[in-house]
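Summary of the model geometry
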Amino acid sequence: MTARAAERAGADFVLALNAGRFRAMGGSSPASILPIRNTNEFVAGFGRTEILPSTKLPVFFGACTFDPQLDIDRFLDRIIGWGFSGVTNFPSVIHIDDYRRSLLEKSGLGYAREIELLVKAAKRGLITIAYTRTQSEARRMVEAGAEAICINFNLNREIESGSHPSISLSELAARTSAVARVAQSIDKSVICLLGGGPITKPVELLDICRETGIQGFIGGSSLDRVPLEMSVLEVTSGFKTVHLLREKVDLLERQLQLSGFRHGIIAQSSIMKRVLETARRLAGNPNPVLVWGEAGSGKRRIASLIHAFSDRKHTKATLFHCRQGPAIDTVGALFGAEGAENRRRQLSLLEAASDSTLLLMHVNQLPRDGQERLADYLETGSFTPLNGVSVVRSNAQIIATATVARGAGLESVLCPRLLAFLVGLDIELPPLPNRLEDLPQLIQHFTVEAKGDSNAQTLIIEKSAFLALAGHHWPGNLRELRQIVNRLVTLKDTHIVGDVLKPLLNAVSPPPRPTAAFSEREWIIEGLKRNRLHRGKTARSLGLSRKTLYNKIKKLRILE
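All values reported here derive from a predicted model rather than from experimental measurement.

**Things to note about the sheet that holds strand β9 (residues 318-321)**
Taking strand neighbours across the sheet as the criterion, the five strands line up as β9-β10-β13-β8-β14 in an open arrangement whose pairing is parallel. One side of each edge strand has no neighbouring strand; the edge strands of this open sheet are β9 and β14 (426-428). Averaged over all adjacent pairs, the angle separating strand axes in this sheet is 15 degrees, with direction ignored. Note: strand β10 (residues 357-361) against strand β13 (residues 397-403), four bridges, orientation parallel.

**A closer look at the confidence of the model for the protein**
Averaged over every residue, the pLDDT of the protein is 82; residues scoring 70 or more account for 86%. In the model, residues 157-163 has pLDDT below 50 throughout and makes 13 contacts with residues more than four positions away in sequence or in other chains. Low pLDDT (under 50) marks residues 510-517, which in the prediction has five contacts with non-local residues, meaning those over four places away or in another chain.

**Focus: the packing of helix α23 (residues 520-530) against helix α25 (residues 546-555)**
Two quantities define a packed helix pair, namely the angle between the axes and the distance from one axis to the other. The interhelical angle for the contact between α23 and α25, taken along N-to-C directions, is 120 degrees, at an axis separation of 11 Å. With respect to α25, the element α23 is oriented oblique. For the pair α23 and α25, the crossing hand works out as left-handed. Where α23 abuts α25, its residues Glu520, Ile524 and Leu528 lie against Leu549, Lys552 and Ile553.

**Considerations on the sheet that holds strand β2 (residues 59-63)**
Ordered by their spatial adjacency, seven strands build an open sheet running β1-β2-β3-β4-β5-β6-β7, and the pairing between neighbours is parallel. Either end of the sheet is taken by a strand with one partner, and the two such strands are β1 (14-16) and β7 (216-218). Neighbouring strand axes in the sheet, compared pairwise and without regard to direction, differ in orientation by 30 degrees on average. By the bridge criterion, four bridges tie strand β5 (residues 148-151) to strand β6 (residues 191-195) in an arrangement that is parallel. Bridge pairing in β6 links Cys150 to Leu193. Contacts from helix α3 (residues 39-51) reach β1 and β2 within the one sheet, and its direction differs from that of β2 by about 165 degrees.

**Comments concerning the pattern of salt bridges**
Considering all chains together, one arrives at 18 salt bridges under this definition. Of the charged contacts in the structure, one is a salt bridge between Asp77 and Arg124, with a shortest N-O distance of 2.9 Å. With Asp77 in helix α4 (residues 72-82) and Arg124 in the loop between α6 (111-123) and β4 (127-132), the pair connects residues that are 47 residues apart, well separated along the chain. Note on Asp77: relative accessible area 44%, which makes it partly exposed. For the salt bridge of Glu171 with Arg175, the shortest nitrogen-to-oxygen distance reads 3.2 Å. Of this pair, Glu171 and Arg175 are both found in helix α8 (residues 169-186), four residues apart, which corresponds to roughly one turn of the helix. Residue class for Glu171 comes out partly exposed when judged on its relative accessible area of 34%. Note on Arg175: relative accessible area 32%, which makes it partly exposed. Each of Asp73, Asp77, Glu116, Lys120 and Arg124 takes part in salt bridges that share partners, so that together they form one network.

**What to know about the side chain of Lys299**
Position of Lys299 among the secondary structure elements: in helix α14 (residues 299-309). Here Lys299 sits buried without a salt bridge, and the closest side chain of opposite charge, Glu294, lies 8.6 Å off (N-O distance). Setting aside its immediate chain neighbours within four residues, Lys299 contacts Val291, Trp292, Gly293, Glu294, Thr401, Ala402, Thr403 and Leu429.

About the thresholds
Residues numbered from 1 in each chain as written. Predicted model: local features only at pLDDT ≥ 70, side-chain atom pairs only at ≥ 80, totals over all residues. Heavy atoms only, no water. Pairing = 2+ DSSP bridges. Helix = DSSP H or I, 4+ residues; strand = E, 2+ residues; numbered from the N terminus. Axes fitted to C-alpha atoms, helices over the stretch in contact; angles between N-to-C directions. pLDDT = per-residue confidence, 0-100. Contact = heavy atoms within 4.5 Å. Parallel < 35°, antiparallel > 145°, perpendicular 65-115°, else oblique. Left-handed = near helix turned anticlockwise from the far one by under 90°. Salt bridge = Lys/Arg side-chain N within 4 Å of Asp/Glu carboxyl O. Buried < 20%, exposed > 50% of the residue type's maximum accessible area, 1.4 Å probe, protein only. Lys, Arg positive; Asp, Glu negative; His and termini not counted.

Laid out in structure tokens, this is it:
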């Protein structure tokens with residue numbers, strides 16, 4: 001039943017092990033190393049009569065080499081004749097305590113005999129999976145030609161009894177990674193699998209896979225202890241489809257990012273991903289939206305993106321820049337103005353943009369009267385032209401932007417009444433220093449823009465240059481970064497170092513006072529904070545390999 005359910009759920013192969021049979025009989029995995037049955041006859045019995053006829057999957061024979069009278073060559077010929085596709089060394093001496101294992105080793109029945117079993121099996125065309133526990137065992141097996149290793153530190157815990165695992169998930173990840181590294185340093189093509197242990201849920205496997213890079217999982221009681229076929233189907237499906245779920249999440253994230261990329265928006269950082277999510281949410285209704293942030297932070301692009309997400313995306317949005325000047329040029333243009341005698345009334349932008357969207361740039365520059373009039377429109381859907389008395393209606397959607405200084409709030413630039421209508425319908429764009437994870441992609445994006453070639457060679461930012469970028473205060477935000485990139489693409493050398501970059505930073509934006517650039521330690525600590533101590537994400541955001549990051553954390557004593 002387990003074999004059939006596992007095949008339907010997408011398992012790649014089945015192992016016929018005495019431990020699994022003991023569990024099905026109500027026992028436990030440790031029974032597999034006790035001399036209570038002739039293991040090889042036991043496995044041959046249920047493997048041939050129950051598993052092989054029930055599945056088209058490859059079936060591995062769990063062979064025991066403890067028997068001094070076992071003729072390995074003859075026994076392997078019998079395994080092939082029965083129809084098994086592969087062999088694994090189970091039960092293994094790696095599951096026996098050191099004292100008893102030493103007795104078997106002295107008698108010639110230890111790990112070397114298990115290696116001999118798998119070497120001879122491979123010569124006969126059988127697939128082999130080698131159970132290993134330590135780095136030295138993995139080294140011996142891979143050097144002997146094992147195609148795959150199963151890293152197994154202990155027999156499966158009894159889930160029903162609530163017993164605590166003898167090894168934690170974090171320890172499992174660290175030890176698994178160490179063994180896999182040794183194996184792949186000898187043969188990069190060797191397949192590293194994880195066997196059993198404290199893993200009982202697919203999400204736990206996903207975490208271990210991320211940390212260690214293992215390529216598969218051999219489930220014991222995690223799969224076969226569940227008594228009903230449907231339960232086996234569901235659990236196995238979970239383990240098998242972990243990578244599919246991860247790919248689905250990645251695809252959704254990429255789709256969300258691509259929605260912004262079409263408008264020149266980079267959203268690799270978590271803070272910018274939240275901005276895009278909020279933009280999509282607010283675009284789903286006709287309410288006004290306010291996008292605010294520092295100068296050069298990309299407010300116009302986000303405003304355009306909200307229109308592109310909205311139900312009015314098929315209409316052309318009207319763009320208006322609010323600038324300081326005579327009321328007739330700003331308030332009059334927005335709300336219209338009654339003409340003098342025998343002159344027609346000036347048509348308003350709100351009327352022209354009815355049934356569409358009005359992108360109102362720099363609404364903070366509207367005079368107080370203009371902001372009050374805009375608040376009236378948001379409240380009633382109507383307005384009175386400048387110098388007029390008649391009421392005009394419009395259903396234009398307002399998407400506005402406002403520029404605020406670093407550290408300031410909207411109350412510093414908007415009148416209270418207008419602000420009240422926009423609270424909860426606003427999107428705050430982060431300054432560039434708060435989204436440093438986006439720097440590599442932003443630089444590539446601006447490089448393509450500057451060269452006008454989507455295949456333009458990427459600028460390679462060396463560590464010293466990245467430290468300078470991370471330590472810069474960026475008063476001009478994205479606009480300033482674009483100016484920097486426009487200068488960098490004119491250089492012959494695409495490898496950018498700190499000594500080349502610093503003069504450009506000072507020329508574009510001389511700091512108001514001397515500021516110390518990040519030290520390497522501060523740089524890494526800042527990256528860890530932004531990524532909530534997730535080392536893999538931190539390494540990617542800093543442009544380092546995970547190994548390099550680990551070495552620097554240790555060298556700089558960051559986590560001590």
